[in-house]
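In case you want the letters, here they are:
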Amino acid sequence: MKSIKQEFTVPFSYNVEFTENLFDPANTLFADTVDSKGSDPKPTILFVFDSGMYDCQPNLMRDISNYTQKHSGRFSVVSEPVIIPGGERSKNDPKHVQMILDAIESADLDRHSYVAVIGGGAVTDTAGYAAAIAHRGIRLIRIPTTVLAQNDAAVGVKNGVNAYGKKNFLGTFVPPVSVLNDFSFLNTLDDRQWRAGISEAVKVALIKDADFFEELEANAKALNMRDKDAMSSLIYRCAELHLEHISTSGDPFERGSSRPLDFGHWVAHKLEQLTDYRLLHGEAVAIGIALDTIYSQLLGYISEEECTRILDLFRACGFTLYIQELEQHLDHPEKKESVLHGLQEFREHLGGELTIMLLDEIGRGVEVHEVDLPLYRKAIDTLRTNEKELV
C-alpha cells in the first residue's frame, strides 16, 4: 500500500473597521478596501441590501452612486442591487440565495469581484453563503447595520442559511475580505433591534471578561435609553473578544465539538424555531442565557448572587426572559415541539458528543457533556416563577 500525505496551511487576515457615514465621498474607507492598487483590473461590486434597512435609507443607492463617481477610477458598481428580506426570512427561503447567484452570473462577476452586503446578520449570512459558493468563492465585504451584526454575527468566519427546519443547516466557513461597521446605520433601528444585540455582548462578557460584564451593568440604563456612546463601546469590545476567540481558540472553523461562543444558543435556536422566528435571535439568546445561568446556579457552579446579577442586567436592558414556548412537551424531550429537543439538535449540528457551555463564575465558562433533564425542567420553572413575580 502506498500513500501520499498532503499538508498545507492557509493564512487568513481581515480587518473589522469602525466608522460613520461610510458613503460620504470624503470617507475613503470603502474605496481603500476594494482598491486593487493596480495589481488587478478595476474590481466590480455587487451590492446586496437588507430590505428593512433599505426602506429606512431611501437615498442609500443615490449615495453609493455619488460615492462611486467620486472614486470612479478605483471600482465600478453593478447598476441594480439585490434586495432581500431582513431577518430569518432571508435564510429560510432558498430563492434569496438564488437571487444573489443569478445577479452574480448576470453581471459576469469573477473571483476578483466583490459582493458587498449591507444589512443585519441574517442577510450577511445569506449573502456570504451565496458569495462563497459562486465560482467557489467571490470576495465578500460585510457592512452590518444592526447591533447584533456589528458586534457578533457579521464579524466572524461563518455564512449560512436554514434548511430542513434547522438553523444554519447549509453553510460555509469563509472569512470576509473586510467588515465595515458604520455606526450611523444604528440610527435606523427600532427598539427591539437596538436591544437584541446587547445579549451577545452579555454572553461574551460572561464567559470571557468579568470587567466587561461590570461595564455592561454600569451602562445598562444608558443602553436601554439608546445612548450611542455606550453602544459604540459595547460593539467594539464585544467584536474584539469575538475575534480574539476565533484567532486563539485553535479551532476557528469549528472542527471539534467545543463552541463556547454558543453559550445559551441551544435554547435560542430552538425557541426561534418554535416561535416561527417571531422572536429575534438576540431576544432568544437572552432567554437561553437566562435559562443556562439558572441551571448553572442549580448545579452549584455559580452563586445565587451571581445568578441574580445576570438576570437583573437583562431586565435592566429591557429584555423579556420567559415565553410560553418554554413549557411545551417538557416531559417529552423526544418531541420536536419541546425546547429540550434542542439539545439533540444542537449536538447534531456540532457533531460528536454533546458540548454546552455553562458558567463557572462571571467571566469564566465551563463545558459540560451531560445534562440533567429534570434539573433543566426545574430551571425553566424557576425562570417562569421569577418573571411572574416581577410582573
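Residues numbered from 1 in each chain as written. Predicted model: local features only at pLDDT ≥ 70, side-chain atom pairs only at ≥ 80, totals over all residues. Heavy atoms only, no water.

Further remarks concern the pairing of strand β8 (residues 166-173). By the bridge criterion, five bridges tie strand β7 (residues 158-163) to β8 in an arrangement that is antiparallel. The residue bridging valine 161 from the neighbouring strand is leucine 170, located in β8. Hairpin connection, β7 to β8: the antiparallel pair is bridged by two residues, and tyrosine 164 has positive phi, about 55 degrees. (Pairing = 2+ DSSP bridges. Helix = DSSP H or I, 4+ residues; strand = E, 2+ residues; numbered from the N terminus.)

Side chains of residues three or four places apart in an α-helix project in the same direction, reflecting 3.6 residues per turn. Counting buried residues in helix α12 (residues 265-274) gives nine out of 10 residues, a clear majority hidden from the surface. Directly beyond the C-terminal end of α12, a positive phi value near 55 degrees is found at aspartate 276. (Buried < 20%, exposed > 50% of the residue type's maximum accessible area, 1.4 Å probe, protein only.)

Per the stated rule, a full pass over the model turns up 25 salt bridges. Between lysine 228 and glutamate 20 there is a salt bridge, with the nearest N and O atoms lying 3.3 Å from each other. On the criterion of sequence distance, the pair formed by lysine 228 in helix α11 (residues 228-248) and glutamate 20 in the loop between β1 (15-19) and α1 (29-34) is long-range, its members being 208 residues apart. Residue classification places lysine 228 among the partly exposed positions, given a relative accessible area of 24%. Arginine 226 serves as the salt-bridge partner of aspartate 191, at 2.9 Å between the closest nitrogen and oxygen. On the criterion of sequence distance, the pair formed by aspartate 191 in helix α8 (residues 191-196) and arginine 226 in the loop between α10 (210-224) and α11 is long-range, its members being 35 residues apart. (Salt bridge = Lys/Arg side-chain N within 4 Å of Asp/Glu carboxyl O.)

To continue, consider a negative patch on the surface. Residues Asp102, Glu105, Asp108 and Asp110 make up a contiguous surface patch of negative charge. Inspection of the secondary structure puts glutamate 105 in helix α5 (residues 95-106). (Patch = residues over 30% accessible without salt bridge, like charges linked within 9 Å, V, L, I, M, F, W, Y side chains within 5 Å. Areas by Shrake-Rupley, 256 points an atom, 1.4 Å probe, with all protein chains shown as cover. Lys, Arg positive; Asp, Glu negative; His and termini not counted. Charge placed at Lys NZ, Arg CZ, Asp CG, Glu CD.)

Evaluation of the coordinates by the stated rule reveals two cavities of 30 Å³ or more. By volume, the largest cavity amounts to about 60 Å³. If you trace the largest cavity, you find it lined by Arg259, Pro260, Asp262, Phe263, Gly264, Trp266, Asp292, Phe346, Thr355, Ile356, Met357 and Glu367. Within this model, the second largest cavity holds a volume of roughly 30 Å³. Taken together, Gly128, Ala131, Ala132, Ile138, Leu140, Asn159, Val174 and Pro175 make up the lining of the second largest cavity. Considering each element in turn, the lining of the second largest cavity owes the most residues, three residues, to helix α6 (residues 121-133). Considered class by class, the residues forming the lining of the second largest cavity number six nonpolar, two polar and no charged. (1 Å grid on protein atoms, 1.4 Å probe; cavity = no way out; pocket = protein on both sides within 12 Å on 5 of 7 lines; lining within 4 Å. Points joined across faces, edges and corners; volume = space filled by probe spheres on them. Nonpolar A, V, L, I, M, F, W, Y, C, P; charged D, E, K, R; others polar.)

In this section: the packing of helix α13 (residues 281-298) against helix α14 (residues 304-316). Two elements in contact, α13 and α14, have axes separated by 9 Å at closest approach and are oriented at 170 degrees. Taken as axis vectors, α13 and α14 run roughly antiparallel relative to one another. Mapping the contact onto sequence places Ala286, Ile289, Ala290, Thr293, Ile294 and Gln297 in α13 and Glu304, Cys307, Ile310, Leu311 and Phe314 in α14. (Axes fitted to C-alpha atoms, helices over the stretch in contact; angles between N-to-C directions. Parallel < 35°, antiparallel > 145°, perpendicular 65-115°, else oblique. Contact = heavy atoms within 4.5 Å.)

Read these as geometric descriptors, not functional statements.
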